[in-house]
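Breakdown of the fold
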Amino acid sequence: MSSSADVEHLRLALQRIASLVGGAPEQAALQAEEILKAFPGQLNATTLLAAAQRRTGNQQSALKLLDEVIEADPRFALAHQERGFTLIDLNQSAEAEAALETAVELEPEMHLGWKALGDLRAARGDQPGSEQAYQNHVSAVAGDPELVEAANLLFNGKLAKAEQLCREYLKKDPTDPSAIRMLAEIGIKLGRVDDAEKLLRRCLELAPDFHLARSNFANVLFKKLRYEPALTEIEKVLHAEPDHPSHLLLKASILGRIGDMEGAIAIYGQVLRKYPQQSRAHLSLGHMLKTVGRQEAAIESYRTGIAQRPGLGEAYWSLANLKTFQFTEDELALMKDQVTKKHNTPEDYFNLYFALGKAQEDRGEFDDAFHSYQKGNAIRRRTVRWDADEHHENTQRLKRFFVSDLFAQRSGTGCSSDSPIFIVGLPRSGSTLLEQILASHSQVEGTMELPDIISIARRLSGKKSKHEESRYPEILAEMNRDALGEIGREYLQRTVIYRTNTPRFIDKMPNNFTHVGLIHLILPNARIIDARRHPIGCCFSGYKQLFAAGQNFSYNLTEIGRYYRDYVELMEHWDMVLPGRVLRVAYEEVVADIEGQVRRLLKHCNLPFESACLEFYRTNRAIRTASSEQVRQPIYQEAVEQWRQFEDHLDPLVDALGPNLTTDLAGNS
């Protein structure tokens, strides 16, 4: 190069080509070729030509050029990054990850390389590696040393210090989208999803094309059970990044929650074809396949996840949770081996112990099975918050507020629809069986355990944190007829996403027994059914069950016994202040007299008898709960007395239940 003028001319020309690569790659390629005529072998121009060729679909030619650049200068980071992008286009994920790792090692400020590396690691299930790459991406974008330090603190779990740094930075620059997004991520990790939602809304106002922030926003909405807006937001991100595996997996999760199982299955298949080593995607696919009744395919997916990561505890529990599945001797030995490993997570261990307990119970090894269940429950209990005294006091508060005079004064309030049928009670009480019976009727649709009544009650409480005093249920006394009717209509509108055009639908959220009073005020014509089962059988079945979320009372025999007592006490209160409002159905009586109980159920719901309800096991529908495979079979007697095999271990439960052991299952003392 002969002069400084030539150098400046080349610099400007390369800048111009770089600006064209994304939007006009054909023009960028032509200009890069012209540069290379004047400056043969110029590395920046060759790399830009390769980038343009990649964008026009000529990946193989681009790869050849990039290999030439790297051979000439092995430390040319930009070429390694572009090579990684090209290999991603060619579905060569492992090679792409290696190229990008080289790029960011040579040049840590290459934020696009870090982001792509995070995507690849996420796709193959390396969550810690992907989080680190994403944090490095944020740091590289931000540039400011304070934000870089905050990102490092966030990645290392030092949330309080990370939050302090972010807030101090935002005092100086309150409109920095990267800092706002990081503060929102800290909020998510601390469980402050309402704050995170507000921050991400502000972030997207400032930077609508900030795709990582929009993906975070969709995830927050998903966590808040607001599935429709979450789907809308993730669709926006996928429009810009259509093949992004993390975005696709979030969309699949949302589709599964709103009942589009086939749509979710298709997305999991799409991701796994490109990233077959994603063990958690195999796990999620298995859940969807199980829900639609494709048990053999679900088992194959779970076993694939285990083959890829032998310590993947949730896959073992998912197999056990099919209830009809039998582990092989090799699988049993593998579980016993994995609970001795030091590298698995607490989540892996409690899943493994619950699965091991089920396998041992199936083999008649009841003492060993109980000890496995006990270990799994103890580990799980340490990960959840539950206060039995607080729950008991809340039960008393509900009884004090919901009295006969209150209901008499508000007679005729609420929304008049009779569409909803609520099945309440404790988990593992036979509620899924009742749902399957009713959903076999031509006028009734089974949905799932809908979160909407609980969500409405939580909103009415006005609580912004767990330390604030709740305004629920007393706030209902301030509401007139119109306000209560509006809440009833809100519930119907919120649940539309789960339903089709069938006249009646079932909401099987068991914990809604707490909110019978609210349901009566806002939906006075809804039907309510209390699924009841022998106290020890119900409680111990819950103790053996590892729930995906909620039911935090179930991981200790004394606590589950106390919860059952509060439940019976509250249901007796509803019977007193709302006589005849709730139909109590005992699981044991359904087993003993299926036709008589079916006719009783249908009469309560004001539905004509249909024989299909007696052959409920023939009804083909998606079933999410732990009993999904059991209710696809005719009723069997064996489940009624299964708890007696463990009777010697259940003294803490018996003591906690107290007088409820002698309570008539039909509700009479």
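Computed from a predicted model, the values in this text were never measured in an experiment.

The next thing to look at is the nonpolar core. One broad rule of soluble globular proteins: the nonpolar side chains tend to lie buried together. Ranked by internal contacts, the top residues of the largest apolar core, which has 163 residues, are Phe402 and Leu476. Of all the elements, helix 30 (residues 557-577) adds the most residues to this core, at 10 residues. If near-sequence neighbours (up to four positions away) are discounted, Leu476 is found in contact with Phe401, Phe402, Arg410, Leu460, Leu484, Leu518 and Leu521. In terms of nonpolar packing, the next biggest core, distinct from the first, is built from 26 residues, Leu14, Leu49, Ile70 and Phe76 among them.

Quick look at the sheet that holds strand 5 (residues 582-586) now. Two orientations exist for strands paired in a sheet by backbone hydrogen bonds: parallel and antiparallel. Ordered by their spatial adjacency, five strands build an open sheet running 2-3-1-4-5, and the pairing between neighbours is parallel. Each edge of the open sheet is held by one strand with a lone partner, namely strand 2 (444-448) and strand 5. Ignoring which end each strand starts from, the neighbouring axes of this sheet average 25° apart. Note that strand 2 and strand 3 (residues 504-507) share four bridges and pair parallel. Bridged to Met448 within strand 3 is Asp507. Its contacts with the sheet place helix 32 (residues 594-604) against strand 4 (527-532) and strand 5, and it is angled at close to 165° to strand 5.

Attention now moves to the environment of Glu105. Turning to its location among the elements, Glu105 is positioned in helix 6 (residues 93-106). According to the relative accessible area criterion, Glu105 is exposed, its value standing at 67%. Between the alpha carbons of Glu105 and Tyr169 there is a distance of 28 Å; along the sequence they are 64 residues apart.

With that settled, consider the pattern of salt bridges. Evaluation of the coordinates by the stated rule reveals 46 salt bridges. The partner of Asp194 in a salt bridge is Lys224, with the nearest N and O atoms 2.6 Å apart. In this pair, Asp194 sits in helix 12 (residues 193-206) while Lys224 sits in the loop between helix 13 (211-223) and helix 14 (227-240), placing the two residues 30 residues apart along the sequence. The class of Asp194 is partly exposed, set by a relative accessible area of 35%.

With that out of the way, let us pick up the packing of helix 20 (residues 329-338) against helix 21 (residues 346-362). At their nearest, the axes of helix 20 and helix 21 sit 10 Å apart, and the two run at 145° to each other. Seen from above, helix 20 lies across helix 21 with left-handed handedness. Packed against helix 20, whose contacting residues are Leu332, Met335, Lys336 and Gln338, the element helix 21 presents Tyr349, Leu352, Ala355, Leu356, Ala359 and Gln360 at the interface.

As a further point, take the packing of aromatic side chains. Evaluation of the coordinates by the stated rule reveals 23 aromatic pairs. An aromatic cluster of three or more residues is present, and its members are Trp317, Phe354, Phe366, Phe370, Tyr373, Phe540, Tyr543 and Phe646. The ring centre of Phe505 lies 4.2 Å from the NZ or CZ of Arg499, which sits over that ring. Between Arg533 and the ring centre of Tyr587, over which it is positioned, the NZ or CZ distance is 5.4 Å.

Together, Asp367, Asp368, Asp648, Asp651 and Asp655 make up a region of like negative charge exposed at the surface. Within the residue set of the negative patch, elements represented by two or more residues are helix 22 (366-381) and helix 33 (651-657). Mapped onto the secondary structure, Asp651 falls in helix 33. A relative accessible area of 48% means that Asp651 is categorised as partly exposed.

Definitions and limits used
Residues numbered from 1 in each chain as written. Predicted model: local features only at pLDDT ≥ 70, side-chain atom pairs only at ≥ 80, totals over all residues. Heavy atoms only, no water. Core = buried A, V, L, I, M, F, W, Y, C linked by side-chain atoms within 4.5 Å. Buried < 20%, exposed > 50% of the residue type's maximum accessible area, 1.4 Å probe, protein only. Helix = DSSP H or I, 4+ residues; strand = E, 2+ residues; numbered from the N terminus. Contact = heavy atoms within 4.5 Å. Pairing = 2+ DSSP bridges. Axes fitted to C-alpha atoms, helices over the stretch in contact; angles between N-to-C directions. Salt bridge = Lys/Arg side-chain N within 4 Å of Asp/Glu carboxyl O. Left-handed = near helix turned anticlockwise from the far one by under 90°. Phe/Tyr/Trp six-rings, centres within 6.5 Å; stacked < 30°, edge-to-face > 60°. Lys NZ or Arg CZ within 6 Å of the ring centre and 35° of its normal. Patch = residues over 30% accessible without salt bridge, like charges linked within 9 Å, V, L, I, M, F, W, Y side chains within 5 Å. Areas by Shrake-Rupley, 256 points an atom, 1.4 Å probe, with all protein chains shown as cover. Lys, Arg positive; Asp, Glu negative; His and termini not counted. Charge placed at Lys NZ, Arg CZ, Asp CG, Glu CD.

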